[in-house]
Amino acid sequence: MNRPLGKKPNIVLVGFMGTGKTSIGRRLATQLRMRYVDTDDVIEQDNRRRISDIFAEDGEATFRQLESKAVRKVSKRHNHVIATGGGVVLKAANMENLKRNGVVFCLTATTEEIYRRVGHQTHRPLLQTPDAMAKIQTMLVERHPYYAQADYTVKTTGCSFGDIVAHIRSVFYRVVNRQSE
Ligand code: S3P
């Protein structure tokens, strides 16, 4: 991370769909008095279209380009909690941009927990398949090396939101204080 003096870095949350990036990100932002932004929201706002419509009309490759653009935009900010879409890790340039001003935390959960949380939802295009459990398992294996590039990994299964937020907060402050020494 390369941080200008006096500017608080970002907290970046990556992780598979359903690992709690939005809920935890919002709580972190409130507690730490940081601003909150979600790359999926930026994509939808900037393009005035829902993610599911972008996938359906233009395909995943176009969505990934728009996602990279959103990442470039939010990575320039400071003092933000940035929640990202589950596939943001797939492009090296996204990770480079996010790490420039930010500490990257990967939230994880067990496959069963992820399925319980998102397996029956209809707004995630990649999970609209007859066997969502199998799809989740395959994607988790494929993406494992990408998620491993985060600075820190945080398990969420069996933990309360309060515990997870407190943990991320303490790691983040340790990193920030170490940098200003
Ligand atoms: C995706 C995750 C989604 C969204 C899009 C693609 C993915 O975000 O960006 O449907 O590739 O894992 P969430 O992780 O917030 O569900």
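These lines cover the structure that appears in this document, whether it is placed above or below.

Conventions and cut-offs
- Residues numbered from 1 in each chain as written.
- Predicted model: local features only at pLDDT ≥ 70, side-chain atom pairs only at ≥ 80, totals over all residues.
- Heavy atoms only, no water.
- Buried < 20%, exposed > 50% of the residue type's maximum accessible area, 1.4 Å probe, protein only.
- Helix = DSSP H or I, 4+ residues; strand = E, 2+ residues; numbered from the N terminus.
- Arc of directions from axis to C-beta.
- Contact = heavy atoms within 4.5 Å.
- Polar contact = N/O pair within 3.5 Å; in protein donor to acceptor, adjacent residues only side chain to side chain.
- 1 Å grid on protein atoms, 1.4 Å probe; cavity = no way out; pocket = protein on both sides within 12 Å on 5 of 7 lines; lining within 4 Å.
- Points joined across faces, edges and corners; volume = space filled by probe spheres on them.
- Nonpolar A, V, L, I, M, F, W, Y, C, P; charged D, E, K, R; others polar.

### Focus on helix 5 (residues 92-100)
Of the residues making up helix 5, those classed as buried are N94, M95, N97 and L98. Taken down its axis, helix 5 places every buried residue within 165° of arc, on the same side. Exposed side chains of helix 5 directed beyond 90 degrees from the buried face belong to A92 and E96. Buried residues along helix 5 sit in contact with strand 1 (10-15), helix 4 (60-75), strand 3 (80-83) and strand 4 (102-108).

### A word on the environment of K135
One can find K135 in helix 7 (residues 132-147). With relative accessibility at 30%, the residue K135 sits in the partly exposed group. Considering only alpha carbons, one finds K135 and G119, 16 residues apart in sequence, at a separation of 9.7 Å. Beyond its immediate stretch of four places on either side in the chain, K135 contacts L126, L127 and T129. One polar contact links the side chain of K135 to the main-chain carbonyl oxygen of L126, over a distance of 3.1 Å.

### Some details on the layout of surface pockets
Using a probe with the size of a water molecule, rolled over the atoms, empty space left in the structure can be pinpointed. Estimates place the volume of the largest pocket at around 680 Å³. What lines the largest pocket is a set of 31 residues, among which M17, D40, G85, H123 and R124 lie closest to the centre. Looking at the lining of the largest pocket, the elements that each hand over two or more residues are helix 1 (21-32), strand 2 (35-38), helix 2 (39-47), helix 3 (51-58), helix 4 and helix 6 (111-118). Grouping the amino acids of the lining of the largest pocket by side-chain chemistry returns eight nonpolar, eleven polar and twelve charged. Every residue lining the second largest pocket is listed: F16, T19, C106, L107, T108, A109, I114, L140, H144, Y147, A148 and T153. Among the secondary structure elements, those contributing two or more residues to the lining of the second largest pocket are strand 4 and helix 7. Looking at the lining of the second largest pocket residue by residue, the class counts come to eight nonpolar, four polar and no charged.

### Examining the environment of K73
Note on placement: K73 falls in helix 4. Classification of K73 by relative accessible area gives partly exposed; the value is 37%. Spatially, the C-alpha atoms of K73 and T39 are 9.3 Å apart, while their sequence positions differ by 34 residues. If sequence neighbours within four positions are ignored, K73 has contacts with V42 and D46.

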